[in-house]
Amino acid sequence: MSDTPISSQLNNDYKFGFTTEIETEAAPKGLNEGIIQFISKKKNEPEWMLARRLKAFQQWQKMTEPTWANVHYPKINFQDICYFSAPKKNINKDKKLEDLDPELLKTFERLGIPLTEQKRISGVAIDAVFDSVSIGTTNQEALEKVGVIFCSISEAIQKYPELVKKYFGSVVPYADNFYASLNAAVFTDGSFCYIPEGVRCPLDLSTYFRINAKDTGQFERTLLIADKGSYVNYLEGCTAPMRDENQLHAAVVELVALENAEIRYSTVQNWYTGDKEGRGGVYNFVTKRGKCVGKNSKISWTQVESGSAITWKYPSVILQGDNSSGAFYSVALTHDYMQADTGTKMIHIGKNTKSTILSKGISAGHSSNSYRGLVKVMPSAEGARNYTQCDSMLVGSRAKASTFPHVESKNKSATIEHEASTSRLSEDQLFYLQSRGLGKEQAISLLVNGFCKDVFKHLPLEFSVEAVKLIEMKLENSIG
Amino acid sequence: MLKISDLHVRVDGKDVLKGLNFNVKAGEVHAIMGPNGSGKSTLSKVIAGYPGYEIISGSIQYEINGNYQNLSELEPDIRAKEGIFLAFQYPVEVPGVSNLIFLRSAFNAICKHHGIAEMSEDKFTKFVQEKAKLVEMSDEFFERSVNEGFSGGEKKRNEILQMAVLSPRLALLDETDSGLDIDALKIVASGVNKMRAPDRAVVLVTHYQRLLNFIVPDYVHVLAGGRIVRSGGRELAIELEQKGYNAYL
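Residue indices begin from 1 for each chain and proceed along its sequence in written order. Both sets of labels track the order of writing: A upward for chains, 1 upward for ligands. Reporting in this predicted model follows two pLDDT cut-offs: at least 70 for local features of residues, and 80 or more for side-chain atom pairs to be given and counted; totals over whole chains, interfaces and linings ignore these cut-offs and use all residues. The side-chain numbers reported here are obtained from all heavy atoms of the structure, hydrogens and water having been left aside.

**Student:** Would you mind showing me how to read the overall build of chain A here?
**Tutor:** Secondary structure elements follow DSSP: runs of H or I of four or more residues count as helices, runs of E of two or more count as strands, with numbering from the N terminus. Within chain A, the secondary structure is distributed over ten helices and 23 strands. Taking the principal axes of the C-alpha coordinates as reference, chain A spans close to 65 × 55 × 50 Å. Burial status follows relative accessibility: with a 1.4 Å probe on protein chains alone, a residue under 20% of its type maximum counts as buried, one over 50% as exposed, and anything between as partly exposed. By residue count, 64% of the 480 residues in chain A fall in the buried class. For chain A, the proportion of contacts with a sequence separation of at least 24, taken over those separated by at least 6, is 83%. Methods summary: accessible areas were calculated by the Shrake-Rupley approach with a probe of 1.4 Å, and residue burial reflects only the protein chains presented. Accessible surface, chain A: about 17,800 Å² in total, of which carbon and sulfur atoms supply 48%. Separation between the mean location of the 56 positive side-chain charges and that of the 55 negative ones in chain A comes to 4 Å. Residue contacts follow a heavy-atom distance rule, with two residues in contact if any of their heavy atoms lie within 4.5 Å. We treat Lys and Arg as the positive residues and Asp and Glu as the negative residues; His and chain ends play no part in the count. By convention, charge coordinates are those of NZ in Lys, CZ in Arg, CG in Asp, or CD in Glu.

**Student:** For this particular structure, what's the right way to read the interface of chain A and chain B?
**Tutor:** On the chain B side, the residues contacting the 20 residues of chain A number 33 residues. Once two parts are brought into contact, the accessible area they lose, counted with a 1.4 Å probe and summed over both, makes up the buried area. Between chain A and chain B, the buried area comes to about 2,000 Å², and carbon and sulfur atoms account for 65% of it. By definition, a salt bridge exists where a carboxyl oxygen of Asp or Glu is found within 4 Å of a side-chain nitrogen of Lys or Arg. Joining chain A to chain B, the criterion identifies one salt bridge. Of the charged contacts, one joins E159 of chain B and R436 of chain A as a salt bridge, the two residues approaching to 2.6 Å between their closest N and O atoms. By the criterion applied in these results, polar contacts are pairs of N or O atoms within 3.5 Å in which, for protein atoms, one can donate a hydrogen and the other can accept it, and in which residues neighboring in sequence qualify only through two side-chain atoms. The tally of links between chain A and chain B comes to ten residue pairs in polar contact (both at pLDDT 80 or more). Broken down by element, the side of chain A that touches chain B gets its largest block of residues, seven residues, from helix α8 (residues 427–434) of chain A.

**Student:** What am I meant to see in helix α7 (residues 182–194) of chain B here?
**Tutor:** One turn of the α-helix equals 3.6 residues, which is why residues spaced by three or four share an orientation. Residue and element names in this part refer to chain B. In a helix, the anticipated span is given by 1.5 Å times the number of residues less one. Taking 1.5 Å per residue as the helical rise, α7 with its 13 residues ought to reach 18 Å, and the 18 Å between its terminal C-alpha atoms agrees with that figure. Considered for burial, the residues of α7 that qualify are A184, L185, I187, V188, A189, G191 and V192. Lining the buried residues of α7 we find α4 (121–134), α6 (152–166), β9 (170–174) and β10 (201–206). Backbone nitrogen of D183 and a side-chain oxygen of the N-cap are separated by 3.2 Å at the start of α7; the cap is D181.

**Student:** Is there a simple way to explain the sheet that holds β9 of chain B in this structure?
**Tutor:** Residues and elements named next belong to chain B. Strand order in the open sheet formed by six strands is β6-β9-β10-β3-β11-β12, with mixed pairing between adjacent strands. Edge positions in the open sheet fall to β6 (84–87) and β12 (227–232), since each of these has one partner strand only. Taking the axes of each pair of neighbouring strands and ignoring which way they run, one obtains an average angle of 20 degrees across the sheet. As paired elements, strand β3 (residues 29–33) and β10 share five bridges and run parallel to each other. Bridging across to β10, M33 finds its partner in T206. When DSSP finds at least two bridges between two strands, those strands are taken to pair. Each axis is a line fitted through C-alpha atoms, and for a helix only the stretch in contact is used; angles between axes span 0 to 180 degrees, taken between their N-to-C directions.

**Student:** Help me out: how do you make sense of the packing of α4 of chain B against α6 of chain B in this one?
**Tutor:** Angle between the axes and distance between the axes are the two parameters that describe a pair of packed helices. Residues and elements named next belong to chain B. One can describe the packing of α4 onto α6 by two numbers: an axis separation of 9 Å at closest approach and a directional angle of 130 degrees. One way to sum up the angle between α4 and α6 is to call them oblique. Between α4 and α6 lies a crossing of right-handed hand. Facing F124, F127, V128, K131, A132 and L134 of α4, the residues of α6 in contact are L161, A164 and V165. The residue makeup of the contact of α4 with α6, split by class, is eight nonpolar, no polar and one charged. Should an angle fall under 35 degrees it is called roughly parallel, over 145 degrees roughly antiparallel, and 65 to 115 degrees roughly perpendicular, with every other angle called oblique. What makes a crossing left-handed is the near helix being turned counterclockwise from the far one by less than a right angle; a clockwise turn instead makes it right-handed. Note on residue categories: nonpolar means Ala, Val, Leu, Ile, Met, Phe, Trp, Tyr, Cys or Pro, charged means Asp, Glu, Lys or Arg, and polar means any other residue, Gly included.

**Student:** Before we go on, may I ask you to explain empty space enclosed by the protein in this structure?
**Tutor:** Where empty space is left becomes clear once a probe the size of a water molecule has been rolled over the atoms. Residues and elements named next belong to chain A. The pocket and cavity definitions rest on a 1 Å grid over protein atoms only: a 1.4 Å probe that fits but cannot leave marks a cavity, an open set with protein on both sides within 12 Å along at least five of seven lines marks a pocket, and residues lining either have an atom within 4 Å of a point. Grid points are joined across faces, edges and corners, and a volume is the space filled by probe spheres set on the points. Enumeration over the complete set of coordinates arrives at six cavities of 30 Å³ or more. Roughly 100 Å³ of volume is contained in the largest cavity. Surrounding the largest cavity, 17 residues form its lining, S359, G361, N369, S370 and Y371 being those nearest its centre. Per-class residue counts for the lining of the largest cavity are five nonpolar, eleven polar and one charged.

**Student:** Got a minute to help me understand the environment of E54 of chain B in this structure?
**Tutor:** All names here are of chain B. Locating E54 in the fold gives a position in strand β4 (residues 54–64). In this structure, the C-alpha to C-alpha distance between E54 and Q242, residues 188 residues apart in sequence, is 35 Å. Ignoring anything within four residues of it in the chain, the contact list for E54 reads H8, V9 and R10.

**Student:** Would you take a moment to explain unusual backbone geometry for this structure?
**Tutor:** Among all residues except glycine, the phi angle is most often negative; among peptide bonds, the trans geometry is most common. Positive phi outside glycine occurs at N44 of chain A, with the angle close to 50 degrees. Looking at the secondary structure, you find N44 of chain A in the loop between α1 (33–42) and α2 (47–61). N44 of chain A gets classed as exposed once you look at its relative accessible area, which sits at 59%. A positive phi angle, near 50 degrees, is found at S167 of chain B, a position not held by glycine. Looking at the element boundaries, S167 of chain B is found in the loop between α6 and β9.

**Student:** Whenever I open this one, the side chain of E159 of chain B confuses me. Can you help?
**Tutor:** Inspection of the secondary structure puts E159 of chain B in helix α6. With relative accessibility at 1%, the residue E159 of chain B sits in the buried group. Side-chain polar atoms of E159 of chain B contact the side chain of R436 of chain A, separated by 2.6 Å.

**Student:** I'm lost on the pattern of salt bridges in this one. Help?
**Tutor:** Should the charged atoms of two oppositely charged side chains come close, the side chains can pair. Applying the stated criterion across every chain, the model contains 28 salt bridges over all chains. Of the charged contacts, one joins R289 of chain A and D176 of chain A as a salt bridge, the two residues approaching to 2.8 Å between their closest N and O atoms. Taken together, the residues span a long stretch of sequence, with R289 of chain A in strand β13 (residues 281–292) and D176 of chain A in the loop between α6 (161–167) and α7 (178–186) at a distance of 113 residues. Under the relative-accessibility criterion, D176 of chain A is labelled partly exposed at 29%. In this structure, the salt-bridge partner of E93 of chain B is K155 of chain B, at a minimum N-O distance of 3.4 Å. Here E93 of chain B is found in the loop between β6 and β7 (94–98), whereas its partner K155 of chain B is found in helix α6, with 62 residues between them in sequence. When salt bridges with common partners are traced through the structure, they connect D275, E277 and R279 of chain A into a single cluster.

**Student:** What's the story with the nonpolar core in this structure? I'm lost.
**Tutor:** When a protein is soluble and globular, its nonpolar side chains tend to lie buried together. The set of buried Ala, Val, Leu, Ile, Met, Phe, Trp, Tyr and Cys residues whose side-chain atoms join them within 4.5 Å is what this entry labels a nonpolar core. The biggest cluster of nonpolar side chains holds 120 residues, and the ones touching the most others in it are I362 of chain A together with F22, I47 and L170 of chain B. Per element, the largest residue contribution to this core is nine residues, and it comes from helix α9 (residues 440–456) of chain A. The residues contacting I47 of chain B, other than those within four sequence positions of it, are L2, I4, I60, L71, R79, I84, L170 and L172 of chain B. In this structure, F78, L111, F178 and A250 of chain A belong to the second largest nonpolar core, which totals 61 residues.

**Student:** I'm lost on the environment of S423 of chain A in this one. Help?
**Tutor:** Residue and element names in this part refer to chain A. Topologically, S423 is positioned in strand β23 (residues 415–425). Of the residues examined, S423 reaches a relative accessible area of 29% and is grouped as partly exposed. Taking C-alpha positions, S423 is 39 Å from F130, a pair spaced 293 residues apart along the chain. With sequence-adjacent residues up to four places away left out, S423 is seen in contact with S392, M393, L394 and F451.

So, in structure tokens, the structure goes:
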């Protein structure tokens, strides 16, 4: 059967592609020590943080861009990027969210993230990051009552220096990799949260990242610490306007789980993908890693990656505490000319540590979608267990799917299982469902839900509804 | 109910149906027989609306609410909603979607189209359990993904179950007997026989007359070279069994 009808391309109805016209204050393009000092000064940082930044910058200058990922793009000119951009008006932490520039409030409302009191989504505290700054964090009072700290990282550096000094860089060191070093030098904003011992965080915590300014990189830095016996559910969302130029988002996210603590981290990533010819879009080069420091601790990453021109992202877990467990649940959708190289690393150090990897890749159009994973069992990880399942679904005949699973086991008592499959969302499947009376949209929805079901069930309810809709909409457009 | 006149259909650049005429009235059971490659499957799929099958000339008229309508103007799901059902020769696997959810989604979509209230989940499950008895399928099938890991016989029985649940006016059975052992064939045939009704027509597409021992057709047609070259009653099938298709090649 000919596949021409399948490959009719995505309409550009990325509904988050608008720009906000707002007066900004930006650093000149380019990267040098002066720019780093500028950023640090803008954020009123203490001397020790500036010193850390400069050390990372020196490290970065010695490093070269990684080329091992299965993605292709023209060389990035790091001197042609703006490293700091912030709205001029009203970015004052002491002011109420209601007093923010109405343009900003309107922007977040259009994104479905109302920040003002009367319109807020119940049960969630939100930190909203616009370009290089956090513009506000909701529900802080409610969290303070139970001792939970949730604020921007910039604020945390000033208010909670001891916590930041202790944990910042403890999971992703400044010399970890090219983009992590760059981030450690120029990071601008992101969220900080600390859940005290024994506290079950009463609200879901959420950060929403928005890139607006042209030619500006966003260098998110997020640090999440769950103290002994605590629990937190964290959600992250991302969007950017449609621009012909590529934008860089190089984030570092660190999670720390102490004894008996549990962190559930979910992302719906919907950065602008570029147009149907592959022009523009966000380069999403991200280092996300969690460390199960304490015994019986748990970290899970659930991600729905549906945006970005290029994704390079491996949310990982270091299983240091005995009996700790890590999980990675992922749906990655690529269409048109998108490229994704994503997966995870599970490093087993403690005894009886357990990890689960469930990856679902959907590739449509001319896109390329790779799963890359590492399961490493250290000699000390007696009784470690891993289960990995990677499934790929191809839509049309020009899309590519690859898997690069790596397993290194240095302990004979480890149990490692790996399953993989590749299937094709075919016109035959669509026709079969349609011939039973299901409309095309419903048929696609059923097929995709069936394929991603095992991952979606790990998302918080409101996120899973959004994720399902997002994937359906994008696929519908890709199938034509 | 169905009027096909002078139908020419092209598949992958090749003319497969070349001036086919075929009429079906409510209550009738037709068998379409013919050698391999004669266009039998193409005929059933083009009625159901398979994408990529190009109608060059001629028409397929189907009666909806007393008026004949050109089927090529309707999407496959609308045809299904208007009572056309194709039991596939090779039923498709739908991983991760349970049979019950699949059936319910389809059933509700059809109800909605006709402005009929949907059945509650409980009531629907009981309804399906009742229908499943027709093809001797147990409840454990309901939670399994559609056709995934099903044996050939199970897939075919599942097609008949879907037909029983969706209750079409025009049922097209494409080589439903292929790959079935005699016990499975009897189950499938009895399922189809129980669905014979004055307001329902059945078109059986088959290479072998074996199926027709169990589902006795009112009319038998020979499809060869993209046209119906001979029509008759039950006895024609028996003649074909004895003499083969050589005369029509």
